[in-house]
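Per-entry structural report
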Amino acid sequence: MIEAARLLEVIRLGHPTLRAVAEPVPEEWFATGRLADLGRNMVRTMIEEHGVGLAAPQVAESIRLFTCWVPETDDEPEIPPVVFVNPEIRPVGNDVEDGWEGCLSIPGIRGIVPRYRRLKVKARTVEGEPVSLTADGFLARVLQHEFDHLDGIVFFDRMTSTRSLAFEPEWEKFVLAGEPEGE
């Protein structure tokens, strides 16, 4: 299924679509294959680009749709690729944690971003079916990051300080190498 999908161009910071507020997906689009095709193409692009999320504005489609995928780790099972259409998110509680983020539209850079630890998501599938879930940890971080793209926000905008910004090779060499096993 993913193999039949097209690889899309991921636009970079500076493209005006990344800073625009995306439009809701129109109701009539759910009755067509347009959303399914876009979702399939975005999932392929996200995986091929080694990402864990991709929002429609990142492929120059100014609509409220994003996809995410969380690979299996020692601590967590895989969350297969999923596409969220017209999502709404709200935090559960006030707990916020700092964590490292990168972005396919800002390649090669990492920074520390505060995000809510837990949130609820309501959205629709590409077929128009309602979906809701509660997410925490890394999945909650990914969902917030992708949701931000729908409002023209990039992770730089959420950082409380730019002092943590690092190019990926230096981040891998100095930050990851300095973290204890399992972090």
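Up top is the structure these notes are about.
Residues numbered from 1 in each chain as written. Predicted model: local features only at pLDDT ≥ 70, side-chain atom pairs only at ≥ 80, totals over all residues. Heavy atoms only, no water.

A few points about the packing of aromatic side chains
Put simply, the rule reads: Centres within 6.5 Å are what make two rings of Phe, Tyr or Trp a pair, Trp counting through its six-membered ring; a difference in plane orientation under 30 degrees is then read as stacked, over 60 as edge-to-face, and the rest as tilted. Only DSSP runs of H or I with at least four residues qualify as helices, and only runs of E with at least two residues qualify as strands; both kinds are numbered from the N terminus onward. Burial classification: accessible surface area is computed with a 1.4 Å probe over protein chains only, and a residue below 20% of its type maximum counts as buried, one above 50% as exposed, and the rest as partly exposed. The rule is short: NZ of Lys or CZ of Arg within 6 Å of the ring centre and within 35 degrees of the ring normal puts a charge over the ring.
Evaluation of the coordinates by the stated rule reveals three aromatic pairs. Summarising the aromatic geometry, the rings of phenylalanine 66 and phenylalanine 84 are spaced 5.4 Å apart at their centres and angled 40 degrees between planes, so their arrangement reads as tilted. Of this pair, phenylalanine 66 sits in strand S2 (residues 65–70) while phenylalanine 84 sits in strand S3 (residues 79–91), and the two are 18 residues apart along the sequence. Given the relative accessible area of 0%, phenylalanine 66 is considered buried. With relative accessibility at 2%, the residue phenylalanine 84 sits in the buried group. Just above the ring of phenylalanine 30 sits the side chain of arginine 124; from NZ or CZ to the centre is 4.0 Å.

Focus on the sheet that holds strand S7 (residues 130–136)
Definition in use: When DSSP finds at least two bridges between two strands, those strands are taken to pair. Axis angles are defined between N-to-C directions and span 0 to 180 degrees, where every axis is a line fitted to C-alpha atoms and, for a helix, only to the segment in contact. Residue contacts follow a heavy-atom distance rule, with two residues in contact if any of their heavy atoms lie within 4.5 Å.
Strands sit in the order S1-S2-S3-S6-S7 across an open sheet of five strands; the sheet is antiparallel. At either margin of the open sheet sits one strand with a lone partner, and together these are strand S1 (53–55) and S7. Recorded for the sheet is a direction-independent mean angle of 40 degrees between the axes of neighbouring strands. Its contacts with the sheet place helix H1 (residues 34–48) against S1, S2 and S3, and it is angled at close to 40 degrees to S2. Running at roughly 160 degrees to S2, helix H2 (residues 137–150) makes contact with S1, S2, S3, strand S6 (118–124) and S7 of the sheet.

Observations regarding the sheet that holds strand S8 (residues 166–167)
Read from one edge of the open sheet, three strands run S4-S5-S8, paired in antiparallel fashion. The open sheet has two free edges, formed respectively by strand S4 (96–103) and S8, since each of these has just one partner strand. The pairing of S4 with strand S5 (residues 106–116) spans seven bridges and is classified as antiparallel. The residue bridging tryptophan 100 from the neighbouring strand is isoleucine 112, located in S5. H2 contacts S4 and S5 of the sheet and is inclined by roughly 60 degrees relative to S4.

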